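Structure assessment
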Amino acid sequence: DIVFLLNPNTPYIDDKTNKDFLHLVKWSKKFKDKNVIIRFHPSDNEIKINKYKLNLKRYNYLYHEHKYYSLEDSLINACVVISIRSSALIEATRSGVIPIILNDSEPDLEEFFDDIKKIGLCWNNIKSIKKCMDSILLEKNDKLKINFQKKIKNIGKKYITNISQKSLNIIKKELISI
């Protein structure tokens, strides 16, 4: 599967980037042997969801809303996940799903983005992302995919560990205060 993670409305993402992302979603129909899943952001309202579905009505895509599908459900058969900015990309890496990022920099996820850039999966132009998707999804030799997945899992472990420890500390603090 190919999973596209939609983003909340934010000043960090300009109209051009959103249009490029939609273009990439439409372009991905070329991978006929893959399911394309559009996963809406939890903050998306019905108007935004319906507008996006209307824009893609001629495509046979699957739509996942957080109230009906967990992130794990969306990623279970995914080989790549594409987004502009999403902390869910970190969770995807933990599962070995290859993240592809359409963004140049990200203030809140900068270190993670730098790690993804180092292995060649983060660009600010769709031409490079298309080339990357072709090489991963059309490549008959699985060595490239396996190599990326090993690197991705290591990155995922690095960030999930940090997130989990922080969460444990918050929970511990709250429990002590009771």
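Just above, that's the structure.
The rules behind each value
- Residues numbered from 1 in each chain as written.
- Predicted model: local features only at pLDDT ≥ 70, side-chain atom pairs only at ≥ 80, totals over all residues.
- Heavy atoms only, no water.
- Phe/Tyr/Trp six-rings, centres within 6.5 Å; stacked < 30°, edge-to-face > 60°.
- Buried < 20%, exposed > 50% of the residue type's maximum accessible area, 1.4 Å probe, protein only.
- Helix = DSSP H or I, 4+ residues; strand = E, 2+ residues; numbered from the N terminus.
- Arc of directions from axis to C-beta.
- Core = buried A, V, L, I, M, F, W, Y, C linked by side-chain atoms within 4.5 Å.
- Contact = heavy atoms within 4.5 Å.

1. Structural notes on the packing of aromatic side chains
To describe a pair of aromatic rings, one takes the distance between the centres and the angle between the planes. By the definition in use, this model includes five aromatic pairs. Ring centres 5.4 Å apart and planes at 85 degrees place the aromatic pair Trp27 and Phe31 in the edge-to-face group. Residue classification places Trp27 among the buried residues on the basis of a relative accessible area of 16%. Of the residues examined, Phe31 reaches a relative accessible area of 3% and is grouped as buried.

2. Thoughts on helix H5 (residues 110-118)
Among the residues of H5, Phe112, Phe113, Asp115 and Ile116 are the ones counted as buried. Projection of H5 onto a plane perpendicular to its axis shows the buried side chains occupying an angular sector of 160 degrees, all on one side. Just past H5, the residue Gly120 takes up positive phi, approximately 80 degrees.

3. What about the nonpolar core?
Counting residues in hydrophobic clusters, the biggest one holds 54 residues, and the most contacted among them are Ile38, Leu121 and Met133. Ranked by residue count, the leading element in this core is helix H6 (residues 126-137), at six residues. The residues contacting Met133, other than those within four sequence positions of it, are Ile2, Leu24, Trp27, Ser28, Phe31, Ile82, Ile100 and Leu138.

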